[in-house]
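Each chain, letter by letter, is given below.
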Amino acid sequence: MIRRNHIPTTEHILRIEKALTPDSRQWLNSRPRPGRLFGCPVPESLDGLTFGELLSLQEIDGMNNGDSIVTLARVILKSRRNKRRILRERCDRVFGFVAFVTRELERIGDLFKRIEHTPDEDEVAAGVNDLDFGPFGLVDWYARRMGITNHDDVLSVPWLRVYQCMKMDAERDAYERRLRDVINAKYKPKK
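Calculation criteria
Residues numbered from 1 in each chain as written. Predicted model: local features only at pLDDT ≥ 70, side-chain atom pairs only at ≥ 80, totals over all residues. Heavy atoms only, no water. Helix = DSSP H or I, 4+ residues; strand = E, 2+ residues; numbered from the N terminus. Buried < 20%, exposed > 50% of the residue type's maximum accessible area, 1.4 Å probe, protein only. Contact = heavy atoms within 4.5 Å. Areas by Shrake-Rupley, 256 points an atom, 1.4 Å probe, with all protein chains shown as cover. Lys, Arg positive; Asp, Glu negative; His and termini not counted. Charge placed at Lys NZ, Arg CZ, Asp CG, Glu CD. Phe/Tyr/Trp six-rings, centres within 6.5 Å; stacked < 30°, edge-to-face > 60°. Lys NZ or Arg CZ within 6 Å of the ring centre and 35° of its normal. Salt bridge = Lys/Arg side-chain N within 4 Å of Asp/Glu carboxyl O.

Draft legend 1. How the structure looks around the overall build of the protein chain. The secondary structure content of the protein chain amounts to ten helices and two strands. In sequence order, the protein chain lays out its α and β elements as α-α-β-β-α-α-α-α-α-α-α-α. By principal-axis analysis of the C-alpha atoms, the protein chain measures approximately 80 × 40 × 25 Å. Counting every position in the protein chain, which comprises 191 residues, the buried fraction comes to 36%. Long-range contacts, defined as pairs at least 24 residues apart, comprise 67% of the intrachain contacts of the protein chain with a sequence gap of at least 6. A total of about 12500 Å² of accessible surface is found on the protein chain, and carbon and sulfur atoms cover 50% of it. On the protein chain, the mean spot of the 34 positive side-chain charges and the mean spot of the 29 negative ones are 7 Å from each other.

The following block contains the structure:
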């Protein structure tokens, strides 16, 4: 168990991570977001990230390892500290930061899920589920929508702007489907 009067380094916790008790894991994951970390201010949310930064965070496989923590520090905090210095930081501060980032990524993922279109039977029959182009598909959609010829330029756009455009398009598409249904019902031949 991690004792509150003796906080080990992040490196130490990562080395013994498999042997941590459930109470110790729960304690680490419940640490609050630090105000500053690695000499940098920690933002209150991830709303200031670019779309490219958000995509790079979503590609991280598992947050609780040294390389992932270094990536989080570089992307979110713009910290240029090397891995060794980062791993020497107190574990409660680093794991509070990791828990904050995890919660923020879940919040952002939920925002995007809420505006996803649920395909109808006809769309499924036509193969809409085979049209998953991953993150590049989103980049390409936004580039086409905004008339951007260089896909890399999309990566520097704030993710909130991409989300708002996607939300507006989803609402417009839903309206057009409802309108089409109303028109079809109105002019449906009577028997």
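Draft legend 2. Spotlight on the packing of aromatic side chains. Following the criterion strictly, the structure yields five aromatic pairs and no others. Pairing phenylalanine 112 with tryptophan 159 gives two aromatic rings, centres 6.1 Å apart and planes at 45 degrees, and the pair type is tilted. Of this pair, phenylalanine 112 sits in helix H6 (residues 91-114) while tryptophan 159 sits in helix H10 (residues 159-186), and the two are 47 residues apart along the sequence. The same class applies to phenylalanine 112 as to tryptophan 159, namely buried. The rings of Phe112, Trp159 and Tyr163 are connected pair by pair, giving a single aromatic cluster. Seen from the ring of phenylalanine 100, arginine 33 lies directly overhead, with NZ or CZ sitting 5.9 Å from the centre.

Draft legend 3. Focus on the pattern of salt bridges. One pass over the structure, following the stated rule, counts eleven salt bridges. Measuring nitrogen to oxygen at the nearest pair gives 2.9 Å for the salt bridge that ties aspartate 169 to arginine 145. Of this pair, aspartate 169 sits in helix H10 while arginine 145 sits in helix H8 (residues 134-146), and the two are 24 residues apart along the sequence. Among the residues examined, aspartate 169 registers a relative accessible area of 15% and is labelled buried. Overlapping salt bridges, with partners in common, bring together Asp47, Glu104 and Arg107 in one network.

Draft legend 4. Structural view of unusual backbone geometry. Phi at phenylalanine 38 takes a positive value of approximately 55 degrees, unusual for a residue other than glycine. Structurally, phenylalanine 38 is set in the loop between strand E1 (36-37) and strand E2 (40-41). Classification of phenylalanine 38 by relative accessible area gives buried; the value is 4%.

Draft legend 5. Looking closely at the environment of isoleucine 7. Relative to the helices and strands, isoleucine 7 is located in the segment before helix H1 (10-16). Taking the C-alpha atoms as reference points, isoleucine 7 and arginine 93, 86 residues apart in sequence, are found 9.6 Å from one another. With sequence-adjacent residues up to four places away left out, isoleucine 7 is seen in contact with Trp27, Arg90, Cys91 and Asp92.

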